[in-house]
Amino acid sequence: MSRRLAHKQSHAGLDKLLLLPGSKSRASKAGDPQKTLKALRKTVLLEGLPDDEDVLTRTRPLTWKLFLGLTGSLSVSQYIELVSRGASPASEKIRNDTFRTLATDNAFKERVSEEMLVRLLDAFVWHAHDAPPNELQFNYVQGMNVLAAPFLYTMPSEIEAYKCFTNFIQVRCPLYVQPTLEGVHRGLELLDKCLAILDSELFAHLATKRLSAELYAFPSVMTFCACTPPLNQVLHLWDFLLAYGCHLNILCVIAQLWQIRDELLAHSSPMKMLRTFPPLDARQCIMLACKFVADLPEELYDQLARHPWDPTAT
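Note that the structure is a prediction, hence the values are computed from the model and not measured. (Residues numbered from 1 in each chain as written. Predicted model: local features only at pLDDT ≥ 70, side-chain atom pairs only at ≥ 80, totals over all residues. Heavy atoms only, no water.)

Asks: Summarise the confidence of the model for the protein; cite the residues concerned and give the values.
Replies: The pLDDT averaged across the protein works out to 89; a share of 90% of its residues lies at or above 70. Low confidence marks residues 1-30, where pLDDT is under 50. Its contacts with residues over four positions away, or in another chain, come to 53 contacts. (pLDDT = per-residue confidence, 0-100. Contact = heavy atoms within 4.5 Å.)

Okay, here's the thing in structure tokens:
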């Protein structure tokens, strides 16, 4: 299982860490960074980060930045310059979404204001606007507000949240935020393919009701389950996705189906149940997702692993 989870995209952060100037001196003081990263991944997989204030304010921010390969100082001046430009060309679309971001979560609303979301997303649009034309282009698309939310909630500063969000979008799942949401639709197709193999009975039952993943799983795939409360469980799930690869979210969605499979199989109209997924149980999703990894054919898992970022993954 560990070999297949350790996909090359999941190690992009480690590669960048080892190439940063001064990394050798830090390694000599703090130990082998590869061993540190491996230990963190193992903790996330087997135990999960504990729910305490130190994890919320110190451990998780550092862990997420390490998984993303973000070490060293951040360019404060760059972010300030982007913010100083004011409303981006996508500002109207952004404000149509930001006011409802995790709107029922009081802890999120206390920590993250709508203006913080707007600033971060406007800055991202301006940053993308400056990119050379020969690079993959980005703009604001539906769902980015929800993808930014966990970073703003977790990181100690807005600038760090912006840096993590930008890296996550541009490196981990660039195809998910193209204008056509290409990666999202590929993920939904792969969800159907994986479910047909992992649980042919449930897949057939949903198929008889003409229920494809496109109809019931779009929000969960598009937001990497960040749309499913409670927020503390979303953070635990994202610990796992950042550690091993966001492609595993597809299997985590299937894990959520498994948790209610008996009810779905017995229900004459399963879409009524699937309009609102049950509260997220991150630990159960992670354990089931790991089981599913071992049960998938190699070729299908390879497509799954590459689909968020590789346009040739078909």
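Asks: Pulling in residues and values, what's your account of the environment of Pro89?
Replies: Structurally, the position occupied by Pro89 is in the loop between α6 (76-84) and α7 (91-98). A relative accessible area of 65% places Pro89 in the exposed class. A C-alpha to C-alpha distance of 9.3 Å links Pro89 and Tyr140, two positions 51 residues apart in sequence. Residues within four places of Pro89 in sequence aside, it is in contact with Val125 and Trp126. (Helix = DSSP H or I, 4+ residues; strand = E, 2+ residues; numbered from the N terminus. Buried < 20%, exposed > 50% of the residue type's maximum accessible area, 1.4 Å probe, protein only.)

Asks: Quick rundown of the layout of surface pockets? Include the residues and the values.
Replies: Considered as a void within the structure, the largest pocket measures approximately 410 Å³ in volume. Going through the elements one at a time, α10 (144-154), α15 (218-222) and α16 (231-244) are the ones with two or more residues in the lining of the largest pocket. The element contributing the most residues to the lining of the largest pocket is α15, with three residues. In the lining of the largest pocket, the residues fall into 12 nonpolar, seven polar and three charged. Three or more residues apiece are contributed to the lining of the largest pocket by two domains, here domain 1 (66-173) and domain 2 (182-307). (1 Å grid on protein atoms, 1.4 Å probe; cavity = no way out; pocket = protein on both sides within 12 Å on 5 of 7 lines; lining within 4 Å. Points joined across faces, edges and corners; volume = space filled by probe spheres on them. Nonpolar A, V, L, I, M, F, W, Y, C, P; charged D, E, K, R; others polar. Domains from an automatic or database assignment.)

Asks: Can you explain the nonpolar core? Please cite residues and give values.
Replies: Among the nonpolar cores identified, the biggest contains 108 residues, and Phe165, Phe168, Ile169, Tyr216, Trp238, Phe240 and Leu251 are the most heavily contacted of them. Residue assignment places this core across two domains, with domain 1 (66-173) and domain 2 (182-307) each supplying three or more. (Core = buried A, V, L, I, M, F, W, Y, C linked by side-chain atoms within 4.5 Å.)

Asks: An account of the packing of helix α17 (residues 249-258) against helix α20 (residues 282-295) is requested, with residue identities and associated values reported.
Replies: It is the contact of α17 with α20, at a shortest axis distance of 8 Å, that shows an interaxial angle of 110°. Considered as vectors, α17 and α20 are oriented roughly perpendicular to each other. For the pair α17 and α20, the sense of crossing is right-handed. Across from Leu251, Cys252, Ile254, Ala255, Gln256 and Trp258 in α17, the residues of α20 making contact are Cys285, Leu288, Ala289, Lys291, Phe292 and Val293. Tallied by class, residues from the contact of α17 with α20 come to 10 nonpolar, one polar and one charged. (Axes fitted to C-alpha atoms, helices over the stretch in contact; angles between N-to-C directions. Parallel < 35°, antiparallel > 145°, perpendicular 65-115°, else oblique. Left-handed = near helix turned anticlockwise from the far one by under 90°.)

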